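Chain by chain, the residues run as shown.
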Amino acid sequence: MARNEWINGYLEAILDVGSGSRKKNEGMVKIQENKVKEEKLFSPTKYFVEEVVNGFDETDLHRTWIKVIATRNSSRDRSNRMENMCWRIWHLARKKKQIAWDDAQRLAKRRIEREQGRHDAAEDLSELSEGEKEKDKPEHSFKDPVITRINSDMKMWSDHDNKSRHLYIVLISMHGLVRGENMELGRDSDTGGVYRVDLLTRQITSPDLDCSYGEPIEMLSCPQDASGSCGAYIIRLPCGPRDNYIPKESLWPHIPEFVDGALSHIVNMATVLGDQVNAGKPTWPYVIHGHYADGGEVAAQLSAVLNVPMVLTGHSLGRNKFEQLLKQGRLSRHDINSTYNIMRRIEAEEFGLDGAEMVVTSTRQEIEDQWGLYDGFDPKLERKLRVRRRRGVSCLGRYMTRMVVIPPGMDFTNVTPAPEEGDADLKSLIGNSGNKTQLPPIWSEIMRFFTNPHKPIILALSRPDPKKNVTTLLKAYGENRALRELANLTLILGNRDDIEDMSNSSSVVLTTVLKLIDRYDLYGQVAYPKHHKQSQVPDIYRLAAKTKGVFINPALVEPFGLTLIEAAAYGLPVVATRNGGPVDIIKTLNNGLLVDPHDQKAIEEALLKLVGDKNLWLECRKNALKNIHRYSWTEHCRNYLSHVEHCRNRHPTTRLEISVPIPEEPMSDSLRDVEDLSLRFSVEASGDFKSNLNINGEIVDPATRQKELVDAITRSKSRLASSKGNAAASSYSPGRRQRLFVIASDCYDSNGNHSETFNQIITNAIKAANLNSSLGGGRTGFVLLTGSTLRETTEALKRSQMNVEDFDALVCRSGSELYYPWRDLVADADYESHIEYRWPGENVRSIITRLARAEGAVEDDVEEYTGETSTRCHSYTLKQEAKIRRIDDLQQRLRMRGFRCNLIFTRAASRLNVVPLYASRVQALRHLSVRWGIELSKMFVITGEKGDTDNEQLLAGIHKTLILKGCVEYGSERLLRSEDSFKREDVVPQDSPYIAFSEGYQVHHISAALEVIRMK
């Protein structure tokens, strides 16, 4: 019974807490309710139950229940409650185990799928060319587990060589709580060539936060000799509700709005910078760098529109967090997703991987152990593809983003390492003489713990977190007599007033520390001060260095290890965990030893070696001070710009041209010649004596007079085309359009053919737009978005008795084709070359039919579409009731094989369109916005409540959206996402001011909805 006495005690404690709480009077309850709103109270009952559920053994709990049965007669009421509690806890624990089992099965299944995808990719890439086989014999670089930091063909950034360049860099961090600190990148001439840096974030005007978060623009720095718009700035963009802070878990549906606002800012800034430093040509961003999952998705969307290289830094990753939470077993998959929106976050990170030219990490451990969990990245496949690219061998349409290790920088300008000689201040602190008032107060606070303060200090500085493994360090110190005689131990474990007031995990760690100090009788040898200020941390490092001490980080896993760099900057040798970032840091600085954090003996030996061997101590110190510059901001920026320059060499160089909107011209200016001719032509009817006069009053024959009329009209048209812009830009502009009316209603019958409703919506929408005086009549253009082919679209328009020339643009095949009817339905070649980026082409065509079939499907459930062919869209027909994988499932399998595509089910789920990654209907609208100089806020999108699987993307953003109720009977939404994925509300904002609903699709319904959204 001794084994399960802890359970008995916990159960008794739960009952005692419960009975005590019932004795409280109602007045005290009300007071407590008010206090709960201000602070989080510790719940003993919850704590005890969690401990029992997470640590119980079924045999022990059964013994407790038997004991309760045996004593039932003596205390019936309490024993009945105890018996009931045993069964309830048993049920909770079994449920926890079942959740853990189910999630483990899902993870195992996913790993099997990933291995299958990698196997398929390896098979396809196994057929090497003869040239590659010959070159591959003497080297096996793809088998090397070490990823090179810098490619051999990459040139390091030179400030001198790039001085004349005027680079524009865009950084994105959406959360909004960013304020002005000095930014190193672009601050001065040390990073030559960088002209402007913009950090885009969310604008917050909440009364609960400082007003500085609501400032639209904040200048961080600007060189003294700068001119124009040079410098570093925080740009705050409106996104979502303006009056309150939105946690990152709830920002997802507002991302399209942020993308549109960022696009508008970048286009405007590109124009301004172009006028200042680039002879009037737009200066597009040199790189767009997204931080965190949401910033990565924004950067990928902007990169898709502007064709600018995108870089991603994930910081903390969702899939790693998700697996850690599943292993804890306290929350189910559904609970984790509902609490953290974790599936939406993971998809954003996967999408960022799809579009990123480069992913910046702090350590190699982050690459292997964290990014290696994602469908879109396989370290082995990435190395193999890199080798093939270097040798000029085809990668067969596969792409894997490049991971680079660029450690974060630090500012060492105020760091003054303790000198090797001259420790008079330390002697004055230890002795009774000297002026102690000039010494840092934290020194005295630490030294008061020691009986012999002359010994070197072993310093550990961390949070009181179990993962920091401080207890193992304390055991190693306490059980090694030689180490205790040689050095003192200082534990800086945060700040505390009362251990009982701290969180459960922190209080447990600190309590264990105190018990171990007492067990090994370490009084006078271990310092554990209660308080320290952040500003005193440098003084703590200096004190340890003056005593010839050592810094240790024994964490179980350390993602990076910033404290190791801080310690090295003050000349402290280090002992660090071999799990995570410290491996890279020790390799770079060569100033310490790595240990297995679980191996207590290894920790003892490493500390003894560094503290006892003074020559080794001095060597580590010199190496640290010599190499610490590699973690400076200057070195960080140089490495960063070098890698960006290298990845830009692989990125397409085509850039968008910005069309300047053509202003309205008075009739006398634009058509003066035509008007003069018309007037004179009408006057000619009054008399034959004027019949032979031309516009200059000269006598000519009728044929000459007719030729003059044609020439005048031609000159007017040419003048209109050449005004306000070059010929190339104006060729993409349909005229003086100030607004675009976009029809994107996916109306099909059960067989996937255009329904009669589709024709009615087009006719009624155009009538409503022309009737609405606020839209400007002829100044409104029309665009049609569809998943159908061009032939199917034109045939549907003919059936509705519409002329295709009534539209300024047709976006077909789910955004992969863009046609201009006013140019004889000529396709936009620039748009096609733009979206071709990472398009696997024919390499993915045959694999789709196999991957799209779900379990139990027959071969003809998915067949290649035999209609019109397209080089940038592979279409497949689907049988009704066919067993087909959903979009997220099929996308996962393609990513695992290195294919980057966009997938859309269209025409009432009777067809699957596989298009390039950057092709979509909403991206086509953004392309037209930049091309034609029409703001997205002046676009009106008409769509249904459902439709193609990309319908959700059309609902969010700063364009006006009119949702016609009941216009779509058959949609494709059932094939969009699986049940355990994220939800529609994570994509479409609720109560958006840019969305209005129409009760129907008649002219008066659409007109009323237009009036409503115009008033918002």
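Residues numbered from 1 in each chain as written. Predicted model: local features only at pLDDT ≥ 70, side-chain atom pairs only at ≥ 80, totals over all residues. Heavy atoms only, no water.

Remarks on the overall build of the protein chain
Helix and strand counts for the protein chain come out as 35 helices and 26 strands. Of all 1016 residues assigned to the protein chain, the portion counted as buried reaches 54%. Put simply, 73% of the contacts in the protein chain that link residues at least 6 apart link residues at least 24 apart. Of the roughly 46600 Å² that the protein chain leaves accessible, carbon and sulfur atoms contribute 50%. (Helix = DSSP H or I, 4+ residues; strand = E, 2+ residues; numbered from the N terminus. Buried < 20%, exposed > 50% of the residue type's maximum accessible area, 1.4 Å probe, protein only. Contact = heavy atoms within 4.5 Å. Areas by Shrake-Rupley, 256 points an atom, 1.4 Å probe, with all protein chains shown as cover.)

As for the sheet that holds strand E20 (residues 862-864)
Taking strand neighbours across the sheet as the criterion, the four strands line up as E20-E21-E23-E22 in an open arrangement whose pairing is antiparallel. The open sheet has two edge strands with one neighbour each: E20 and strand E22 (901-906). Going from strand to strand, the sheet's axes swing by 25° on average, the running direction of each strand aside. Sheet strands in contact with helix H33 (residues 887-896) are E22 and strand E23 (911-916), and its direction is about 155° off that of E22. (Pairing = 2+ DSSP bridges. Axes fitted to C-alpha atoms, helices over the stretch in contact; angles between N-to-C directions.)

Looking at the nonpolar core
Counting 100 residues, the largest nonpolar core has Ile-172, Leu-200, Leu-302 and Trp-371 as its most contacted members. Considering every element that reaches this core, the biggest residue donor is helix H7 (residues 255-277), with 10 residues. Sequence-distant contacts of Leu-302, that is, excluding residues within four places in its chain, are made with Ile-172, Val-259, Ala-262, Leu-263, Ile-266, Ile-288 and Asn-307. Ranked by size, the runner-up nonpolar core spans 38 residues in total, among them Val-415, Ile-492, Ala-545 and Phe-560. (Core = buried A, V, L, I, M, F, W, Y, C linked by side-chain atoms within 4.5 Å.)

Points about the pairing of strand E8 (residues 402-405)
Here E8 shows two buried faces, one formed by Arg-402 and Val-404 and the other by Met-403 and Val-405. Note: strand E7 (residues 358-361) against E8, four bridges, orientation parallel. Residue pairing across strands places Val-359 opposite Met-403, the latter belonging to E8.

Section: the packing of H7 against helix H8 (residues 292-306)
Two quantities define a packed helix pair, namely the angle between the axes and the distance from one axis to the other. One way to put it is that H7 packs onto H8 with a least axis distance of 10 Å and a crossing angle of 50°. Classified by the interaxial angle, the pair formed by H7 and H8 is oblique. When you trace H7 past H8, the crossing you get is right-handed. Contacts between H7 and H8 involve Ile-255, Phe-258, Val-259, Ala-262, Leu-263 and Ile-266 from the former and Asp-294, Glu-297, Val-298, Gln-301, Leu-302, Val-305 and Leu-306 from the latter. (Parallel < 35°, antiparallel > 145°, perpendicular 65-115°, else oblique. Left-handed = near helix turned anticlockwise from the far one by under 90°.)

Examining the packing of aromatic side chains
All told, the structure shown has nine aromatic pairs when counted by the stated rule. Residues Tyr-541 and Phe-551 carry aromatic rings whose centres are separated by 5.9 Å and whose planes lie at 65° to one another, so their mutual orientation is edge-to-face. Of this pair, Tyr-541 sits in helix H19 (residues 537-546) while Phe-551 sits in strand E12 (residues 550-553), and the two are 10 residues apart along the sequence. Ring plane angle 50° and centroid distance 5.5 Å describe the contact between Tyr-820 and Trp-822, whose orientation is recorded as tilted. Relative accessible area serves as the criterion here: at 0%, Tyr-820 is assigned to the buried category. Each member of the aromatic cluster is reached from another via a ring pair, and the members are Tyr-541, Phe-551 and Tyr-570. Positioned above the aromatic ring of Tyr-374 is the side chain of Arg-319, whose terminal nitrogen or guanidinium carbon lies 5.3 Å from the ring centre. It is Arg-344 that lies over the ring of Phe-982; its NZ or CZ is 5.5 Å from the centre. (Phe/Tyr/Trp six-rings, centres within 6.5 Å; stacked < 30°, edge-to-face > 60°. Lys NZ or Arg CZ within 6 Å of the ring centre and 35° of its normal.)

Describing the sheet that holds strand E17 (residues 809-812)
Read from one edge to the other, the open sheet built from eight strands follows the order E19-E18-E17-E16-E15-E24-E25-E26, with strand pairing classed as mixed. Only two strands of the sheet have a single neighbouring strand rather than two, namely strand E19 (826-827) and strand E26 (995-998). Pairing of strand E15 (residues 739-743) with strand E24 (residues 939-944), which is carried by four bridges, proceeds in the parallel orientation. If you follow Val-742 over to E24, its bridge partner there is Val-941. Helix H30 (residues 790-799) contacts strand E16 (780-785), E17 and strand E18 (817-820) of the sheet and is inclined by roughly 130° relative to E17.

Regarding the pattern of salt bridges
Across all of its chains, the model carries 42 salt bridges by this definition. One salt bridge in this structure joins Lys-468 and Glu-558, with 3.3 Å as the shortest N-O distance. Taken together, the residues Lys-468 in the loop between strand E9 (457-461) and helix H16 (470-478) and Glu-558 in the loop between E12 and helix H20 (562-569) connect sequence positions 90 residues apart. The pair Lys-468 / Glu-558 is uniform in exposure class, with both members buried. Three or more residues joined by partner-sharing salt bridges are found here, namely Glu-347, Asp-354, Arg-895 and Arg-900. (Salt bridge = Lys/Arg side-chain N within 4 Å of Asp/Glu carboxyl O.)

Notes on the confidence of the model for the protein chain
One rule of thumb: low pLDDT means the predicted coordinates there are not for detailed reading. Per-residue confidence for the protein chain gives a mean pLDDT of 80, with 73% of residues at or over 70. Predicted confidence is poor over residues 1-6, with pLDDT under 50, and the contacts of this stretch with residues over four places away or in other chains come to 14 contacts. (pLDDT = per-residue confidence, 0-100.)

Considering the side chain of Glu-297
With respect to the helices, strands and loops of the structure, Glu-297 is situated in helix H8. On the accessibility criterion, Glu-297 (9% relative accessible area) is buried. Ignoring sequence-local partners within four residues, the contact set of Glu-297 consists of Trp-252, Ile-255, Arg-344, Ala-348 and Phe-351.

A few points about the pairing of E9
Counting buried positions along E9 gives five out of five residues, so the element sits mostly inside the fold. Side chains Ile-457, Leu-459 and Leu-461 of E9 all project onto a buried face; the interleaved residues Ile-458 and Ala-460 project onto the opposite face, where all are buried too. One ladder, built from five bridges, connects E9 with strand E10 (residues 488-492); its direction is parallel. Within the sheet, the bridge partner assigned to Leu-461 lies in E10 and is Ile-492. With two bridges connecting them, E9 and E12 associate as parallel partners. Pairing of Leu-459 across the sheet is with Phe-551, part of E12.

A closer look at helix H11 (residues 342-355)
Its 14 residues give H11 an end-to-end C-alpha distance of 20 Å, which sits within 8% of 20 Å, the value for a rise of 1.5 Å per residue. For H11, a buried count of 13 out of 14 residues is recorded, marking the element as mostly surrounded by other parts of the structure. (Expected span 1.5 Å × (residues − 1).)

A word on helix H10 (residues 333-340)
Every buried residue belonging to H10 is among Arg-333, Ile-336 and Asn-337, and all of these are buried. On an axial view of H10, the arc spanned by its buried residues comes to 95°, and they lie on one face. Set apart from the buried face of H10 by more than 90 degrees, the exposed residues are His-334 and Ser-338. (Arc of directions from axis to C-beta.)

Things to note about the environment of Val-360
Along the chain, Val-360 falls in strand E7. Residue classification places Val-360 among the buried positions, given a relative accessible area of 6%. Through-space distance from the C-alpha of Val-360 to that of Met-403 is 6.2 Å; in sequence the pair is 43 residues apart.

What about the environment of Phe-322?
Among the secondary structure elements, Phe-322 is positioned in helix H9 (residues 318-328). Expressed as a C-alpha distance, the spacing of Phe-322 and Asn-337, which sit 15 residues apart in the sequence, is 8.7 Å.

Observations concerning the environment of Glu-619
Considering the arrangement of structural elements, one finds Glu-619 in helix H23 (residues 614-627). Residues Glu-619 and Asn-591, 28 residues apart in the sequence, show an inter-C-alpha distance of 7.5 Å.

Quick word on the state of the cysteines
Here, disulfide denotes a covalent bond that connects the sulfur atoms of two cysteines. In this structure the tally under the stated criterion is zero disulfides. Residue Cys-230 stays outside any disulfide, its sulfur separated by 5.3 Å from that of Cys-222, the closest cysteine. Looking at Cys-230, the relative accessible area reads 8%, which means it is buried. (Disulfide = S-S within 2.5 Å.)

Points about unusual backbone geometry
In terms of backbone geometry, most residues other than glycine have negative phi values and most peptide bonds are trans. Positive phi, close to 60°, is recorded for Asn-307, a residue that is not glycine. Note on placement: Asn-307 falls in the loop between H8 and strand E6 (310-313). Relative accessible area serves as the criterion here: at 0%, Asn-307 is assigned to the buried category.

What about a negative patch on the surface?
Together, Asp-497, Asp-498, Glu-500 and Asp-501 line one region of the surface with negative charge. Mapped onto the secondary structure, Asp-497 falls in the loop between E10 and helix H18 (504-519). According to the relative accessible area criterion, Asp-497 is exposed, its value standing at 62%. (Patch = residues over 30% accessible without salt bridge, like charges linked within 9 Å, V, L, I, M, F, W, Y side chains within 5 Å. Lys, Arg positive; Asp, Glu negative; His and termini not counted. Charge placed at Lys NZ, Arg CZ, Asp CG, Glu CD.)

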